Amino acid sequence: MSVSKELLIDPSKDGAIVETTNLTIKEEIDELLDTLDQKILALKLPNFVKRELSRPVYKLWCEIERDVDTYTPKTEA
């Protein structure tokens, strides 16, 4: 299996060209899901409702982490 890498222009780094890999994308997704979970927890709802809303976020993260770790060659790490 070949390692898929892309070069992208990153506006947050003054337009620098950055290499993206499965691991860097996984880190970005982790940050996005953390933000989503924080927003859910900030809702003025009962705690049991917030837990139910957060559950799919954690489930998605577990699946992403498992699959990226399973299908990303160790040479990319």
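Provided above is the structure to which this section pertains.
This one's a predicted model, so the numbers in the text were calculated from it and none came from an experiment.

Concerning the nonpolar core
By size, the foremost hydrophobic cluster in this structure holds six residues: Leu33, Ile40, Val57, Trp61, Ile64 and Val68. Listed by contribution, the elements that provide at least two residues to this core are helix H1 (22-42) and helix H2 (47-71). A per-element tally of this core places H2 first, with four residues. Residues in contact with Val57, not counting those within four places in the same chain, are Leu33, Leu36, Asp37 and Ile40.

What to know about a negative patch on the surface
A cluster of like negative charges, contributed by Glu27, Glu28, Glu31 and Asp34, occupies part of the molecular surface. As for its placement among the helices and strands, Asp34 is situated in helix H1.

Let's talk about H1
The end-to-end C-alpha distance of H1 is 30 Å, a good match for the 30 Å that 21 residues give at a rise of 1.5 Å each. Along H1, the positions that sit buried rather than exposed are Lys26, Leu33, Asp37 and Ile40. In a view along the axis of H1, the buried residues occupy a sector of 55 degrees, so they form one face of it. Away from its buried face, by an angle of more than 90 degrees, H1 presents the exposed residues Glu27, Glu31, Leu32, Gln38, Lys39 and Ala42. Buried residues in H1 make contact with H2.

So, the side chain of Ser54
Looking at the element boundaries, Ser54 is found in helix H2. Look at Ser54 and you get buried, because its relative accessible area is 5%. Of note is the side chain of Ser54, whose polar atom sits 2.6 Å from the side chain of Asp37. Setting aside chain neighbours within four positions, we find Ser54 in contact with Asp37, Ile40 and Leu41.

Examining the environment of Thr72
Along the chain, Thr72 falls in the segment after H2. On the basis of relative accessibility, which here comes to 8%, the residue Thr72 falls in the buried class. Separated by 51 residues in sequence, Thr72 and Thr21 have C-alpha atoms that sit 9.1 Å apart. Those residues within four positions of Thr72 in sequence are excluded, and the remaining contacts are Asn22 and Leu23. Among the polar contacts listed, one links the side chain of Thr72 to the side chain of Asn22, at a separation of 3.0 Å. Within the structure, the side chain of Thr72 is placed 2.6 Å from the backbone oxygen of Val68, a separation counted as a polar contact.

Cut-offs applied
- Residues numbered from 1 in each chain as written.
- Predicted model: local features only at pLDDT ≥ 70, side-chain atom pairs only at ≥ 80, totals over all residues.
- Heavy atoms only, no water.
- Core = buried A, V, L, I, M, F, W, Y, C linked by side-chain atoms within 4.5 Å.
- Buried < 20%, exposed > 50% of the residue type's maximum accessible area, 1.4 Å probe, protein only.
- Helix = DSSP H or I, 4+ residues; strand = E, 2+ residues; numbered from the N terminus.
- Contact = heavy atoms within 4.5 Å.
- Patch = residues over 30% accessible without salt bridge, like charges linked within 9 Å, V, L, I, M, F, W, Y side chains within 5 Å.
- Areas by Shrake-Rupley, 256 points an atom, 1.4 Å probe, with all protein chains shown as cover.
- Salt bridge = Lys/Arg side-chain N within 4 Å of Asp/Glu carboxyl O.
- Lys, Arg positive; Asp, Glu negative; His and termini not counted.
- Charge placed at Lys NZ, Arg CZ, Asp CG, Glu CD.
- Expected span 1.5 Å × (residues − 1).
- Arc of directions from axis to C-beta.
- Polar contact = N/O pair within 3.5 Å; in protein donor to acceptor, adjacent residues only side chain to side chain.

Honestly, it's all geometry; don't read function into it.
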